[in-house]
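# Structural features, examined
Single-letter residue listing:
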Amino acid sequence: MNRDLTKGNVTGSMLLFAGPMIVGNLLQQCYNIADTWVVGKYLGTDALGAVGSAYTLMTFLTSILIGLCMGSGAVFSFYYGRQDRKRMKCSMQASFVLIGIITISLNVLIYLLLRPILCLLHVPAKLMEMMYEYVQIILLGLFFIFLYNYFSYLLRAVGNSMVPLCFLGVTASLNIILDLLFVLGFQWGIGGAAAATVISQAVAGIGIAAYTWIKEKSLRFDRNGFLFETGTVAEILRSSIAASLQQSVMNFGILMIQGLVNSFGAGVMAAFAAAVKIDSFAYMPAQEFGNAFSLFVSQNYGAGNLDRIRQGTRSAMKLSLLFCLLISLLVFGLAGYLMQIFVDPSEIEIIAIGVEYLRIEGAFYCGIGILFLLYGYFRGINRPGFSLMLTIISLGTRVLFAYLLSPVEWIGVQGIWWAIPAGWLLADGIGIACMRSKGLCLNHE
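Notes on the structure in this doc start here. Since this is a predicted model, take the numbers as computed values, not measurements.

Take the overall build of the chain next. What the chain contains, in helices and strands, is 14 helices and zero strands. Going from N to C terminus, the chain has its helices and strands arranged as α-α-α-α-α-α-α-α-α-α-α-α-α-α. Expected size for 445 residues packed as a compact globule is a radius of gyration near 22 Å; at 21 Å, the chain falls within 12% of this value. For the C-alpha atoms alone, the extent of the chain along its principal axes is close to 60 × 45 × 35 Å. For the chain, the proportion of its 445 residues judged to be buried stands at 60%. Once local pairs closer than 6 in sequence are excluded, the contacts in the chain between residues at least 24 apart make up 82%. Of the roughly 17,100 Å² of accessible surface on the chain, a fraction of 68% belongs to carbon and sulfur atoms. For the chain, the centre of its 27 positive side-chain charges and the centre of its 22 negative side-chain charges are spaced 14 Å apart.

The tally for this structure, following the rule as stated, stands at three salt bridges. One salt bridge in this structure joins Glu129 and Arg115, with 3.1 Å as the shortest N-O distance. Residue Glu129 is found in helix H4 (residues 125-138), and its partner Arg115 is found in helix H3 (residues 85-120); the two are separated by 14 residues along the sequence. Exposure remark for Glu129: the relative accessible area of 47% places this residue in the partly exposed category.

The next subject is a nonpolar patch on the surface. Together, Trp37, Tyr42, Leu43, Ile176, Leu180, Leu184 and Ile341 make up a nonpolar patch on the protein surface, roughly 560 Å² of accessible area in all. For the nonpolar patch, the secondary-structure elements that each account for two or more residues are helix H1 (10-42) and helix H6 (162-185). With three residues, H6 is the single largest residue contributor to the nonpolar patch. On the secondary structure map, Ile176 appears in helix H6. Here Ile176 falls in the partly exposed class, since its relative accessible area comes to 37%.

Attention shifts here to unusual backbone geometry. Its identity is not glycine, yet Gln187 carries a phi of approximately 60 degrees, on the positive side. Structurally, Gln187 can be placed in the loop between H6 and helix H7 (189-215).

Contact geometry of helix H10 (residues 306-339) with helix H11 (residues 348-362) gives a least axis separation of 9 Å together with a crossing angle of 170 degrees. It follows from the interaxial angle that H10 and H11 lie roughly antiparallel. For the pair H10 and H11, the contacting residues are Ser328, Val331, Phe332, Gly333, Ala335, Gly336 and Met339 in the first and Ile350, Ile351, Gly354, Val355, Leu358, Arg359 and Gly362 in the second. Considering only residue class, the contact of H10 with H11 consists of eight nonpolar, five polar and one charged.

Before going further, it helps to examine the packing of helix H5 (residues 142-157) against H6. At a minimum axis distance of 8 Å, the contact between H5 and H6 shows a crossing angle of 145 degrees. For the pair H5 and H6, contact is made by Tyr148, Ser152, Leu155 and Arg156 and by Val163, Pro164, Phe167 and Leu168, respectively. Here the contact of H5 with H6 is built from residues that sort into six nonpolar, one polar and one charged.

Quick look at the nonpolar core now. Residues Met88, Leu118, Tyr150, Met339, Tyr365 and Trp417 are the most contacted members of the largest nonpolar core, which totals 140 residues. When residues no more than four places from it in sequence are discounted, the contact partners of Trp417 are Val261, Phe272, Ile353, Glu356, Tyr357, Ile360 and Glu361.

Moving on: helix H9 (residues 266-303). If you check H9, its first and last C-alpha atoms are 53 Å apart, about what 38 residues at 1.5 Å a residue would give, namely 56 Å. The principal kink in H9, of about 45 degrees, is found at Met284, preceding the proline Pro285 by one to four residues. In terms of burial, H9 is largely enclosed, as 34 of its 38 residues are buried. Gly304 sits one or two positions beyond H9 and adopts a positive phi of about 80 degrees.

So, on to the environment of Lys126. Assignment of secondary structure puts Lys126 in helix H4. Counting along the chain gives 35 residues from Lys126 to Ser161, while the straight-line C-alpha distance between them is 43 Å. Sequence-distant contacts of Lys126, defined by excluding residues within four places in its chain, comprise Asp46 and Ala266.

At Leu114, H3 shows its strongest bend, of approximately 65 degrees, with the proline Pro116 following within four residues. Where H3 terminates, the next one or two residues include His122, which has phi positive at roughly 60 degrees.

This part covers the packing of aromatic side chains. This model, assessed by the stated rule, comprises 24 aromatic pairs. Judged by centre distance (6.1 Å) and plane angle (55 degrees), the rings of Phe96 and Phe151 are tilted. With a gap of 55 residues between them, Phe96 in helix H3 and Phe151 in helix H5 connect regions that are remote in the sequence. Classification of Phe96 as partly exposed rests on a relative accessible area of 22%. Judged by relative accessible area, which is 8%, Phe151 ranks as buried. Summarising the aromatic geometry, the rings of Phe146 and Tyr150 are spaced 6.1 Å apart at their centres and angled 55 degrees between planes, so their arrangement reads as tilted.

Mapped onto the elements, Phe272 comes out in helix H9. Taking the C-alpha atoms as reference points, Phe272 and Ile353, 81 residues apart in sequence, are found 7.8 Å from one another. With sequence-adjacent residues up to four places away left out, Phe272 is seen in contact with Ile257, Gln258, Val261, Tyr357 and Trp417.

With respect to the element layout, Pro116 can be found in helix H3. By relative accessible area, which is 44% here, Pro116 ends up partly exposed. Taking the C-alpha atoms as reference, Pro116 lies 32 Å from Ile206; in sequence the two are 90 residues apart.

What counts and how
Residues numbered from 1 in each chain as written. Predicted model: local features only at pLDDT ≥ 70, side-chain atom pairs only at ≥ 80, totals over all residues. Heavy atoms only, no water. Helix = DSSP H or I, 4+ residues; strand = E, 2+ residues; numbered from the N terminus. Rg over C-alpha atoms; globule rule 2.2 N^0.38 Å. Buried < 20%, exposed > 50% of the residue type's maximum accessible area, 1.4 Å probe, protein only. Contact = heavy atoms within 4.5 Å. Areas by Shrake-Rupley, 256 points an atom, 1.4 Å probe, with all protein chains shown as cover. Lys, Arg positive; Asp, Glu negative; His and termini not counted. Charge placed at Lys NZ, Arg CZ, Asp CG, Glu CD. Salt bridge = Lys/Arg side-chain N within 4 Å of Asp/Glu carboxyl O. Patch = residues over 30% accessible without salt bridge, like charges linked within 9 Å, V, L, I, M, F, W, Y side chains within 5 Å. Axes fitted to C-alpha atoms, helices over the stretch in contact; angles between N-to-C directions. Parallel < 35°, antiparallel > 145°, perpendicular 65-115°, else oblique. Nonpolar A, V, L, I, M, F, W, Y, C, P; charged D, E, K, R; others polar. Core = buried A, V, L, I, M, F, W, Y, C linked by side-chain atoms within 4.5 Å. Expected span 1.5 Å × (residues − 1). Bend = angle between axes of the 7 residues up to and from the residue. Phe/Tyr/Trp six-rings, centres within 6.5 Å; stacked < 30°, edge-to-face > 60°.

So, in structure tokens, the structure goes:
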């Protein structure tokens, strides 16, 4: 079902559109959570640390592609709201070629530089081969990640958030089944967990591409050849590259944090690997709500409905803060039980480190919830540079504080944990100030 976000009740429209996106992204997290659970429970803490570090690396790589697709989706949504089908078709084709080339180039480059990259991450020697094996296989899924996210953002741009959810529901279930089969049944170890993820990603990517071609005839590429217009291509490049830079800068900062965490040893690596999965799962609905809000803003910006954007912004802020407050209370109170999902209860020290992380981060989820809305707002009004600026501020603060505080003997690894919410809150303050100074009465470019 394609939903027109420029009409109807503001809050209801956002929630009905965002609901499937939120559930879908939670299911997407099941790819890595399934790997983490199976690996942590059946292959041990060393394997858990290797998969956790690999997850951070792969999140950085995929964030480049997801950012490109996200930025393109904002352009698709803008032209859909404006009812300009010709420019929308042109932007679709240009972005597909651009992102496809980047995906293939990135894949080849990382394969060639994989060992030096792992050395830069300070991966302990005893985990190096295990992580190398896992990442080598996981990289095979990079093109399928591009396919899924490209067609997912294309469908969402025209108001269809249900189909991407359906594909994720099927493939997340498939991933869990294959994890158990390959790791426990065939005894393929860490490579089996990676293979299960890649196969699931292939089903999602190829499946959603086939669905779009067969069922959404208006979204097919031009059979007479790709139509490129200089102005539209430039707009795609500006929006996609800005969104990709935002996503990759954010995850590059996390990658630097991972390298710092790795320097504290395998125990802290394992605790961080499990805690980050819980952390990401907890605030993922707020992140996806921010993405849905961005498409809501973009459609209405294209249609010139600025008053509707104002109403939507107020409503989105209230909803996000309410949700984040509830999740903060749950994570803070249940941190110990949540860690035991991934770590054997006998690993008391590892669980304690993870609980400490979760309680510090969990107390500040409202900060990241607001930040995701600010990212979405500025992308939606065709100001992706502001989103990138806020990301640089947030991640720069996080990395700077982490590297300054963690070497202090009486602070140690806690310095890394406290640096993260400090970055969120600083970026929130600057983003809200920018929003108020610019206002919503912006002329279309």
